[in-house]
Every structure is written in C-alpha cells, then in structure tokens.
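Letter by letter, the chains look like this.
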Amino acid sequence: MTSPLPVRLSPLLLGLTILAPCAVRAQLRYVPFPTKSELRSLQLLAFTCSRENSVESCTRTRKTADPLMDHPRLPAACKDTVWELMQEATPATTNSFQRRDKIDSPARRLTVVCADPEKPTKPDKPAPAGSPSSQT
C-alpha cells in the first residue's frame, strides 16, 4: 500500500518550480523619476518649438517627450500633460498666438506635474525654553 502524500506533493512541487522563475522575473527594477534638469530641457525644447515653428525643433520635442509616456512611475496627470505636448508640438503654416499657447501651456506644467513628489520633512525646532504661561 502506498501513501497518498507523495502523490499530492509532487503536483504541488511541480507547480512551485514552474512559478518560481515567473515570480523572479515579475520583480520590477527601480526606475528613478526624471530629474528637474531633464524636465527643464524638455520644457525648453517645447518653447523652442512654439517659438521657431520648425520641423526640427518640434520633432526633437516629441522624441524627447515620448519615453516619458512609458515611464512606470510617472503619474497619470504627468502623462496627460506629456501627451498634450506631443499632440500640439507640430509645425503649422502660421505661428499664431493660439498655437504657441497650446504648446507653452503643457510645457509650463511639466516641471510641476512630473516632478518627483518629495515627502515633507518636519523642521527641527527646539522646544521653547519656558512655557507660555511663565512669560508674563
């Protein structure tokens, strides 16, 4: 008579050996937020695109902004701003104020919306020497 325990364990062990490599691959590597200087350079490229209205400057703006759409840590508000910038950063026949404003508006928001959210730190204030009731 054989024990049913080894029969039950073997499918379980087989399943674990199959799932273990998947769990290791599923771990995401750390991807840092874009630096302020990277966001500022994209912002300046967008301003150049809106000012010059050239194919070269607008193409560089879109190519620089495109990798941010796939960034795993950026919030949706940032990606919406980048998407808006990529859609508007195209050369036009006339460089009207409305066209420039449609490019400049998301460009101005980039450094605010896409910046790394810093955790607030508590200021190191020493406790007052005397209590308020003792000061009369």
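Residues numbered from 1 in each chain as written. Predicted model: local features only at pLDDT ≥ 70, side-chain atom pairs only at ≥ 80, totals over all residues. Heavy atoms only, no water.

Asker: What am I meant to see in the overall build of the protein chain here?
Answerer: Helix and strand content of the protein chain: five helices and zero strands. With 136 residues in all, the protein chain has 24% of them scored as buried. When contacts within the protein chain are restricted to residue pairs at least 6 apart in sequence, long-range pairs at least 24 apart make up 69% of them. Working note: accessible area of the protein chain is about 10300 Å², and carbon and sulfur atoms make up 60% of it. (Helix = DSSP H or I, 4+ residues; strand = E, 2+ residues; numbered from the N terminus. Buried < 20%, exposed > 50% of the residue type's maximum accessible area, 1.4 Å probe, protein only. Contact = heavy atoms within 4.5 Å. Areas by Shrake-Rupley, 256 points an atom, 1.4 Å probe, with all protein chains shown as cover.)

Asker: So what exactly am I meant to see when it comes to helix 5 (residues 97–113) here?
Answerer: The α-helix winds at 3.6 residues per turn, so residues separated by three or four positions along the chain end up facing the same way. Between the first and last C-alpha of helix 5 there are 24 Å, a value that for 17 residues agrees with the 24 Å anticipated at 1.5 Å per step. Looking at the buried residues of helix 5, the elements they touch are helix 2 (36–52), helix 3 (55–69) and helix 4 (76–88). (Expected span 1.5 Å × (residues − 1).)

Asker: Please explain the nonpolar core as it appears in this structure.
Answerer: Here is a general trend for soluble globular proteins: nonpolar side chains tend to be buried in one another's company. Among the nonpolar cores identified, the biggest contains 19 residues, and L42, L68, V82, L85, L110 and C114 are the most heavily contacted of them. Elements represented by at least two residues in this core include exactly helix 2, helix 3, helix 4 and helix 5. Considering each element in turn, this core owes the most residues, five residues, to helix 2. Other than its neighbours up to four places away in sequence, L85 contacts L42, A46, T61, I103, P106, A107 and L110. (Core = buried A, V, L, I, M, F, W, Y, C linked by side-chain atoms within 4.5 Å.)

Asker: So what exactly am I meant to see when it comes to the state of the cysteines here?
Answerer: Disulfide: a covalent bond connecting the sulfur atoms of a pair of cysteines. As enumerated under the stated definition, the model contains two disulfides in all. Covalent S-S linkage joins C49 and C58, the inter-sulfur distance amounting to 2.0 Å. The disulfide joining C49 to C58 has a torsion of about 85° about its S-S bond and is therefore right-handed. Summarising the burial analysis for this pair, C49 and C58 share the class buried. In this model, C78 is linked to C114 through a disulfide, with the two sulfur atoms separated by 1.9 Å. When the S-S torsion is 100°, as for the bridge of C78 with C114, the disulfide is right-handed. With C78 in helix 4 and C114 in the segment after helix 5, this residue pair connects regions lying 36 residues apart in the sequence. Relative accessible area serves as the criterion here: at 0%, C114 is assigned to the buried category. (Disulfide = S-S within 2.5 Å.)

Asker: What is the right way to read the side chain of R99 from this model?
Answerer: Tracing the backbone through its elements, the reader meets R99 in helix 5. Here R99 occupies a buried position and makes no salt bridge, while the nearest side chain of opposite charge, D104, is found at 7.5 Å. A polar atom in the side chain of R99 sits 3.4 Å from the backbone oxygen of C49. Those residues within four positions of R99 in sequence are excluded, and the remaining contacts are C49, S50, N53, C58, T90, P91, A92 and T94. (Lys, Arg positive; Asp, Glu negative; His and termini not counted. Salt bridge = Lys/Arg side-chain N within 4 Å of Asp/Glu carboxyl O. Polar contact = N/O pair within 3.5 Å; in protein donor to acceptor, adjacent residues only side chain to side chain.)

Asker: It is not clear to me how the pattern of salt bridges should be interpreted in this structure. Could you clarify?
Answerer: Side chains that carry opposite charge are capable of pairing whenever their charged atoms lie near each other. For the coordinates displayed, the defined rule picks out two salt bridges. The shortest N-O distance in the salt bridge between R109 and E84 comes to 2.6 Å. Of this pair, R109 sits in helix 5 while E84 sits in helix 4; the two residues are 25 residues apart in sequence, bridging distant segments of the chain. The exposure class of E84 is partly exposed, given its relative accessible area of 31%. Two residues, R108 and D101, come together in a salt bridge whose shortest N-O distance is 3.6 Å.

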